[in-house]
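One letter stands for each residue in the lines below.
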Amino acid sequence: MKLAYMTGQYPRATDTFIQREIQALRQQGFEIQTYSVRKPNIEQLVGKEQKSECKRTFYLLPPNFFLLFISHFYLVFTKIDFYLRGIKLALKTSQPGIKGFFYQMFYFLEAGILAKQLDENKIEHLHNHIADSSCTVAMLAAQLAGVPFSFTIHGPYIFFEPYRWALTTKIEQALFVSCISYFCRSQCMLFSSLDYWQKLHIVHCGVEPELFNPVTHTGKGDRLLYVGRLAAAKGLPLMLESLANLKEVYSDLHLTVIGDGEDRHELKQLTQKLGLTQMVEFVGYKSQTEVREYLQKHDIFVLPSFAEGVPVSLMEAMASGLPVISSRIAGISELVEHGKSGYLIPPGDIEQLCQKIEALYLDSELRQSLGTHGCHHVLQNFNIEKETDWLAEIFRGSQEKKILPIRFLNV
């Protein structure tokens, strides 16, 4: 089967799960062409995987006005019925207001470029990751080209604005929807008719087990690690305040922060204000290989976020045998079993965050037990090979209109 994969920016350093999924499907024999609305910034291309994928990806922006004209001219004269349906769908799913209408016009123009590419490359199915603007472009392009369309929905931000992004219509239009968790699937059920629930399949993001070596824990757990976007919504200010509370007693604690983002400057300022410059190290984006090396050198993984889907960074930490501390939100409890593979704290609770860091700092046997159980759970339920096998079955079964079984977590 010849597939097109689409997202807003590909390949970003933070979206390694998409790259793994594409690579695993290619190994299964799928021919995949990647498309993206925009090219990521150069600092996102941190490893050979990203650089290689960037070279083979077709980008819709910045616009090539000659290609834009030719694409829509081609569609009008070769697929007029599909083109008129595409206009109708664009109007139906437009965001409210004049600004929303103009954004929808831009999405429609981009969709025309993509649709011609799909037709020229004889794409049989278009799949999109992330359900906001890129999914709108993909949905419209699929309509214009007359090919089946599906998407992977991650959350949580799409669920904050489901009507703005026409989530109900996207589910109706899709051949199937890949939901990364039971929580995610339940939210899609809220915004879709019962008739469409059979389209909603759970397909986890996953890791490659053979790339990770479980850590052996001894002594004090003084090395903390965070991997992710540098944003206040990720709970990093709470992490810093927790360290400030603990530093008088546990002055040897050290936090490594991997990643970058819109709040980097503010977070560094807060680090200085709290007197943590010797305890916190911001190291920026790192390649997949480098992240695995950092995991091997640390004792505890912390992600006290307020908004998540099911974080791949947590999966990688657990696959490395690290005990994790995260927030009891969204689909995280499907990944982290409280008291078995790590700790789940109420979001925003600094006192509990301090307590859990202290407990893991002091007890190497506890770290080992939680890390071992977490590693087993990830390899059983978040293995990219197993997940891709299931996704491939969905792709083929949906084309053949087969009814596929419901999946359950192995516990």
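Keep in mind that this is a model prediction, so the values were computed, not measured.

Trainee: Can you tell me about the overall build of the protein, naming the residues and giving the values?
Mentor: When its secondary structure is counted, the protein shows 16 helices and 13 strands. Computed over C-alpha atoms, the radius of gyration of the protein comes to 22 Å, within 12% of the 22 Å expected from 2.2 N^0.38 for 411 residues, which places it in the range of a compact globule. If you line up the protein on its principal axes, its C-alpha atoms span 75 × 45 × 40 Å. Sorting the 411 residues of the protein into buried and exposed places 57% on the buried side. Of the accessible surface of the protein, which amounts to about 17900 Å², a share of 54% is contributed by carbon and sulfur atoms. If you average the places of the 41 positive and of the 43 negative side-chain charges in the protein, the two averages end up 6 Å apart.

Trainee: Explain the pairing of strand β10 (residues 280-284) residue by residue, including any values.
Mentor: The sheet contact formed by strand β9 (residues 254-258) and β10 spans four bridges and is parallel. Pairing of V257 across the sheet is with F282, part of β10. With helix α10 (residues 264-273) bridging β9 and the parallel β10, this β-α-β connection has right-handed handedness.

Trainee: Requested: an account of helix α2 (residues 48-55), with residues and values cited.
Mentor: Buried residues of α2: Q50, E53 and C54, and no others. For α2, the angular spread of the buried residues around the axis is 105°, confining them to a single face. In α2, the exposed residues that point more than 90 degrees away from the buried face are K48 and K55. Check the buried side of α2 and you find it contacts α1 (16-27), β2 (31-38), β3 (58-59) and α11 (288-296).

Trainee: Break down the sheet that holds strand β4 (residues 125-129) for me, citing the residues and quoting the values.
Mentor: Spatial ordering of the open sheet is given by β3-β2-β1-β4-β5-β6-β7, a layout of seven strands whose pairing is parallel. The sheet terminates laterally at β3 and β7 (200-202), the two strands that pair on one side only. Where strand β6 (residues 177-179) lies against β7, three bridges are found, and the strand directions are parallel. Each bridged residue has a counterpart across the sheet, and for C179 the counterpart in β7 is I202.

Trainee: Quick rundown of the nonpolar core? Include the residues and the values.
Mentor: Judged by nonpolar contacts, the single largest core of 123 residues is most densely connected at L118, L126, F151, I153 and F301. Looking at this core element by element, the count peaks at nine residues for helix α6 (residues 133-145). Aside from chain neighbours lying at most four places away, what touches I153 is A131, I158, F159, L167, V177, S178, C179, I180, C184 and C188.

Trainee: Explain the state of the cysteines to me, using residue names and the numbers behind them.
Mentor: Scanning the entire structure with this criterion turns up zero disulfides. C188 forms no disulfide, and the closest cysteine sulfur to it belongs to C179, at a distance of 4.1 Å. A relative accessible area of 0% means that C188 is categorised as buried.

Thresholds, definitions, all that
Residues numbered from 1 in each chain as written. Predicted model: local features only at pLDDT ≥ 70, side-chain atom pairs only at ≥ 80, totals over all residues. Heavy atoms only, no water. Helix = DSSP H or I, 4+ residues; strand = E, 2+ residues; numbered from the N terminus. Rg over C-alpha atoms; globule rule 2.2 N^0.38 Å. Buried < 20%, exposed > 50% of the residue type's maximum accessible area, 1.4 Å probe, protein only. Areas by Shrake-Rupley, 256 points an atom, 1.4 Å probe, with all protein chains shown as cover. Lys, Arg positive; Asp, Glu negative; His and termini not counted. Charge placed at Lys NZ, Arg CZ, Asp CG, Glu CD. Pairing = 2+ DSSP bridges. Right-handed = clockwise from strand over helix to strand, strands pointing away. Arc of directions from axis to C-beta. Contact = heavy atoms within 4.5 Å. Core = buried A, V, L, I, M, F, W, Y, C linked by side-chain atoms within 4.5 Å. Disulfide = S-S within 2.5 Å.

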